[in-house]
Amino acid sequence: MMAACDKTIVCMFLLSTLATLMSADLITGGQSDMDVNSREGRRVIDMTLGEINRRHSLSNGDQQERELVSIISATQQVVQGMLYRFEFLLKIKPDNGFEKCKLTLWYREFMQDPSLRTIYNIESCEPVQQN
């Protein structure tokens, strides 16, 4: 049977470990805000904007470039690679319209086949009125 002092030490250790895990930026399976100003954050956002423009062009021949106006939300989650979730406000050039796009990007650097490393899912891109 464990002495009362030993139980207190074990409890303190477990609580401090839990507090450390809860304050970590990236916990496997846990979703956290993305640092959009970091080098990695900018790289991922630039890749994603390029993919949005490419998909619009392929799906309906829309050659209008989309340009980032603001990042509404950006999160990341460690899941067999990194899962990014974005919501962007984009300006459509040259007609100066606006779109709000929601999408995910699943990046798996470990994949041997480059076509399987990056998977995009554009959930929606809807026109919005800008004042």
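Here, every reference points to the structure presented above.
Residues numbered from 1 in each chain as written. Predicted model: local features only at pLDDT ≥ 70, side-chain atom pairs only at ≥ 80, totals over all residues. Heavy atoms only, no water.

Turning our eyes to something else, we now look at the sheet that holds strand 2 (residues 65-78). The antiparallel open sheet is built from five strands, whose spatial order is 1-2-3-4-5. Of all strands in the sheet, those with a lone pairing partner are strand 1 (31-33) and strand 5 (118-128), marking the two edges. Along the sheet, successive strands turn relative to each other by an average axial angle of 25 degrees, direction set aside. Pairing between strand 2 and strand 3 (residues 82-93): twelve bridges, direction antiparallel. For Ala74, the partnering residue across the bridge sits in strand 3 and is Phe86. (Pairing = 2+ DSSP bridges. Helix = DSSP H or I, 4+ residues; strand = E, 2+ residues; numbered from the N terminus. Axes fitted to C-alpha atoms, helices over the stretch in contact; angles between N-to-C directions.)

A separate point is unusual backbone geometry. The peptide bond linking Lys93 to Pro94 adopts the cis configuration, its omega dihedral lying at 10 degrees. Turning to its location among the elements, Pro94 is positioned in the loop between strand 3 and strand 4 (97-107). Despite not being glycine, Gln80 shows a phi value in the positive range, around 45 degrees. By the secondary structure assignment, Gln80 is in the loop between strand 2 and strand 3. Owing to a relative accessible area of 61%, Gln80 belongs among the exposed residues under this scheme. Look at Asn96: it is not a glycine, yet its phi comes out positive at around 65 degrees. By the element assignment, Asn96 lies in the loop between strand 3 and strand 4. (Buried < 20%, exposed > 50% of the residue type's maximum accessible area, 1.4 Å probe, protein only.)

Moving on: the pattern of salt bridges. This structure, assessed with the given rule, holds seven salt bridges. For Arg43, the salt bridge is made with Glu40, and the minimal N-O distance between the two is 2.7 Å. Pair noted here: Arg43 and Glu40 are both in helix 2 (residues 39-60), with a separation of three residues, about one helical turn. Judged by relative accessible area, Arg43 falls into the partly exposed class, the value being 33%. (Salt bridge = Lys/Arg side-chain N within 4 Å of Asp/Glu carboxyl O.)

Let us look at the pairing of strand 4. As judged from the eleven bridges shared by strand 3 and strand 4, these two strands associate in the antiparallel manner. Looking at strand 4, one finds that Leu83 is bridged to Trp106. Once strand 3 ends, the chain turns through three residues before running back antiparallel as strand 4, passing Asn96 with a positive phi of about 65 degrees. Sheet topology note: the strand 4/strand 5 ladder contains ten bridges and is antiparallel. Bridging across to strand 5, Cys101 finds its partner in Cys125.

So, on to the packing of aromatic side chains. The full count for this structure, using the stated rule, is two aromatic pairs. For the ring pair Tyr84 and Phe86, a centre distance of 6.2 Å and an interplane angle of 10 degrees mean the geometry is stacked. A residue is classified by how much of its surface remains accessible, and Tyr84, at 4% relative accessible area, is buried. Relative to Phe88, the ring of Phe86 lies with its centre 5.1 Å away and its plane at 25 degrees, an arrangement referred to as stacked. Each member of the pair, Phe86 as well as Phe88, carries the same accessibility label: buried. Feature note: the residues Tyr84, Phe86 and Phe88 constitute an aromatic cluster, connected by ring pairs. Over the face of the ring belonging to Tyr107 we find Arg43, whose NZ or CZ atom lies 5.6 Å from the ring centre. Over the ring of Trp106 we find Arg108, and its NZ or CZ is 4.1 Å from the ring centre. (Phe/Tyr/Trp six-rings, centres within 6.5 Å; stacked < 30°, edge-to-face > 60°. Lys NZ or Arg CZ within 6 Å of the ring centre and 35° of its normal.)

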